[in-house]
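The residues making up each chain are set out below.
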Amino acid sequence: MTLTTWAGNYAYRAKTVHHPRTVEELQEVVAGARRVRALGTRHCFNDVADGPEALVVLDEIPPDVVLDTDARTVTVTGGVRYGALAEHLHAAGWAVHNLASLPHISVAGAVATATHGSGDGSRNLAAAVAGLTFVGPDGTLREVRRGDDDFAGSVVALGALGVAARVTLDVEPTYDVAQEVLDGVPWDVLLQHYDELTASADSVSVFTDWQEPTLRQVWRKTRVTSSYAPAGDLFGGTLAQAPRHMLAGIDPVNATQQGGVPGPWHERWPHFKLAFTPSNGDELQSEYLVPRRHAAAVFESVRGLGDRVAPLLQVSEIRSVAADDLWLSTAYEHDAVAVHFTWLPRQAEVEALLPTIEAALAPFDARPHWGKLFADVDRDLGRLYPRWDDFRALVARVDPDGVFRNDYLDRHVLG
Ligand SMILES: Cc1cc2nc3c(=O)[nH]c(=O)nc-3n(C[C@H](O)[C@H](O)[C@H](O)COP(=O)(O)OP(=O)(O)OC[C@H]3O[C@@H](n4cnc5c(N)ncnc54)[C@H](O)[C@@H]3O)c2cc1C
């Protein structure tokens, strides 16, 4: 059977797929391979995880969750899904700072691509990494801890530095979150009051198709404290009185609970419940992260393309992301705004449009999400990342024979 991305839009070309059951077996697979790539839960939309020869998936290695309450960390097998980790952590009274819009993705795969921040004070998932244990090109284990020289270059590494067998994440005591949805917030709020809007909750997601007369929905997620009370109508919008899905005409049954009802963090940060498939897979995604200072100009630019974007779009989501210090992070050294597009599954048309969107975003130094569709044209991504050359030197040092290289890395990063 052909192995594809979750969206089915890309078929992996690697010749073999290994599922080791222990870290030792994983080490043997890597040591015995000429070229090998780690594969997570296949939720990227491009060939970032693919390789010319072997893929290795960690889904049969037990999660082996080790909670260190003194250090406030948890260490897990890299292939563990956030949803499974979250249930374990919450049961033990602990939490991570954030989750992506879906809990189905693997920890190592998500951090390798700088997946998801959401909130003015919330950095992406990679920023919670405190340490990694890689299986290196010769099959031996290599530890990298926060504070080590190579650390900031090793977290968002696109699989280029080896297979992350174990990942250590920061944790904090468990907490509750409540989410409320606003309908009909005027567009002007996005253009003129974006800072107030995103400051109104810990995580704010704006949904729009760029053409509707008002913003489609605004999802506000707030950490619950003793003084929490649902805010009600805000910013000229009205509080939704029934559950909402961000896609028109889709039953909100798979969305996490809304209406300002407090619940555990892992049942509110994601937009979708773990037990449900977030959608039927009939979608593609692109996402660009721009320095926050350009937010209003970026929104105007994309809105100006609304008549070309909307026919291919299911919905766009706009989030804020706090800065971090990870070399290939899309929020490296500046607070960012993520402008996300959930496309209809019409890849050729989407790919034909992406250069136009990217030309509009180019003056704002937009960094494409590593795991989503972006224009496959000659470009200099390096100019967007001040530590680019350091990352390339790190890869050359750790993997001199290119055991973990693939076409994607050659095209976009290492070539
Ligand atoms: C429905 C849907 C919703 C999404 N929502 C969001 C969202 O809200 N926010 C967001 O930012 N992104 C989102 N994404 C994108 C997705 O979260 C990222 O692309 C993420 O990287 C996928 O993780 P994965 O485990 O599936 O990785 P894969 O696609 O399997 O692999 C991604 C990369 O990680 C590397 N990798 C995987 N495992 C390891 C390992 N053990 N060691 C070293 N490297 C490894 C691979 O080599 C590859 O380079 C979404 C995707 C889908 C399909």
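Because the structure is predicted, anything quoted here is derived from the model rather than measured.

## Description of the nonpolar core
Here is step 1 of the chain: Ranked by size, the top nonpolar core spans 102 residues in total, and within it Trp-265, Phe-299, Phe-341, Trp-343, Ile-357 and Trp-370 carry the most contacts.
Here is step 2 of the chain: Those residues within four positions of Trp-265 in sequence are excluded, and the remaining contacts are Ala-86, Leu-89, His-90, Trp-94, Ala-95, Val-96, Leu-99, Thr-174, Tyr-175, Asp-176, Val-177 and Pro-270.

## Here's the deal with the environment of Ala-164
Here is step 1 of the chain: Its location among the elements puts Ala-164 in strand S9 (residues 163-170).
Here is step 2 of the chain: With 241 residues separating them along the chain, Ala-164 and Arg-405 place their C-alpha atoms 15 Å apart.
Here is step 3 of the chain: Sequence-distant contacts of Ala-164, defined by excluding residues within four places in its chain, comprise Leu-58, Gly-78, Ala-108, Leu-132, Thr-133 and Phe-134.

## Some thoughts on the side chain of Gln-314
Here is step 1 of the chain: Along the chain, the position of Gln-314 falls in strand S17 (residues 313-321).
Here is step 2 of the chain: In this structure the side chain of Gln-314 is engaged in a polar contact, spanning 2.8 Å, whose partner is the backbone oxygen of Asp-282.
Here is step 3 of the chain: Setting aside residues up to four positions removed in sequence, Gln-314 forms contacts with Arg-216, Leu-247, Asp-282, Glu-283, Thr-342, Trp-343, Leu-344 and Pro-345.

## Describing the site of the ligand
Here is step 1 of the chain: As a structural note, the neighbourhood of the ligand is formed by 35 residues, with Ala-38, His-43, Ser-101, Ser-106 and Ala-164 the closest of them.
Here is step 2 of the chain: Within the complex, the protein chains bury 98% of what would otherwise be the 980 Å² of accessible surface of the ligand.
Here is step 3 of the chain: Secondary structure elements with two or more residues in the shell around the ligand: strand S2 (36-39), helix H3 (107-112) and S9.
Here is step 4 of the chain: Looking at which element gives the most residues to the shell around the ligand, the answer is H3, with four residues.
Here is step 5 of the chain: Classifying every residue of the shell around the ligand gives 17 nonpolar, 14 polar and four charged.

## Quick notes on the pattern of salt bridges
Here is step 1 of the chain: On inspection of all chains with the given rule, the structure shows 20 salt bridges.
Here is step 2 of the chain: Three or more residues are tied together by salt bridges with common partners; here these are Glu-287, Glu-317, Arg-319 and Lys-372.

## A short note on the domain arrangement of the protein
Here is step 1 of the chain: Domains assigned within the protein are domain 1 (66-174 + 389-400) and domain 2 (176-368).
Here is step 2 of the chain: The interface of domain 1 with domain 2 comprises 41 residues on the first partner and 31 residues on the second.
Here is step 3 of the chain: Three residues stand out in domain 1 for area buried against domain 2, namely Ser-101, Asp-120 and Ala-152, and they jointly supply 20% of the buried area on that side.
Here is step 4 of the chain: The interface formed by domain 1 and domain 2 contains two salt bridges.
Here is step 5 of the chain: Across the pair Arg-292 and Asp-120 runs a salt bridge whose closest N-O atoms are separated by 2.8 Å.
Here is step 6 of the chain: Between the two partners, domain 1 and domain 2, sit 14 residue pairs in polar contact (both at pLDDT 80 or more).
Here is step 7 of the chain: Of all the secondary-structure elements, those providing two or more residues to the side of domain 1 that touches domain 2 are helix H2 (82-91), strand S6 (94-95), helix H4 (151-154) and helix H10 (388-398).
Here is step 8 of the chain: For the side of domain 1 that touches domain 2, the element with the highest residue contribution is H2, accounting for six residues.
Here is step 9 of the chain: Each residue belonging to the side of domain 1 that touches domain 2 can be placed in one class, and the counts come to 20 nonpolar, 15 polar and six charged.

## Quick word on the packing of aromatic side chains
Here is step 1 of the chain: Under the definition given, this model contains 13 aromatic pairs.
Here is step 2 of the chain: For the pair Trp-370 and Trp-388, a centre-to-centre distance of 6.4 Å together with 15° between the ring planes defines the contact as stacked. With a gap of 18 residues between them, Trp-370 in the loop between strand S19 (367-368) and H10 and Trp-388 in helix H10 connect regions that are remote in the sequence. There is no split in this pair, since Trp-370 and Trp-388 are both buried.
Here is step 3 of the chain: Among the aromatic residues, those joined into a cluster by ring pairs are Trp-187, Trp-210, Tyr-288, Phe-341 and Trp-343.
Here is step 4 of the chain: Here the basic side chain of Arg-367 rests over the ring of Tyr-385, its NZ or CZ set 4.8 Å away from the ring centre.

## Side note on the environment of Val-302
Here is step 1 of the chain: The topology assignment puts Val-302 in helix H7 (residues 295-304).
Here is step 2 of the chain: Considering only alpha carbons, one finds Val-302 and Ala-360, 58 residues apart in sequence, at a separation of 7.3 Å.
Here is step 3 of the chain: Those residues in contact with Val-302, other than ones at most four positions away along the chain, are Trp-210, Phe-341 and Leu-361.

How each quantity is defined
- Residues numbered from 1 in each chain as written.
- Predicted model: local features only at pLDDT ≥ 70, side-chain atom pairs only at ≥ 80, totals over all residues.
- Heavy atoms only, no water.
- Core = buried A, V, L, I, M, F, W, Y, C linked by side-chain atoms within 4.5 Å.
- Buried < 20%, exposed > 50% of the residue type's maximum accessible area, 1.4 Å probe, protein only.
- Contact = heavy atoms within 4.5 Å.
- Helix = DSSP H or I, 4+ residues; strand = E, 2+ residues; numbered from the N terminus.
- Polar contact = N/O pair within 3.5 Å; in protein donor to acceptor, adjacent residues only side chain to side chain.
- Near = heavy atom within 4 Å.
- Areas by Shrake-Rupley, 256 points an atom, 1.4 Å probe, with all protein chains shown as cover.
- Nonpolar A, V, L, I, M, F, W, Y, C, P; charged D, E, K, R; others polar.
- Salt bridge = Lys/Arg side-chain N within 4 Å of Asp/Glu carboxyl O.
- Domains from an automatic or database assignment.
- Buried area = accessible area lost by both parts, 1.4 Å probe.
- Phe/Tyr/Trp six-rings, centres within 6.5 Å; stacked < 30°, edge-to-face > 60°.
- Lys NZ or Arg CZ within 6 Å of the ring centre and 35° of its normal.

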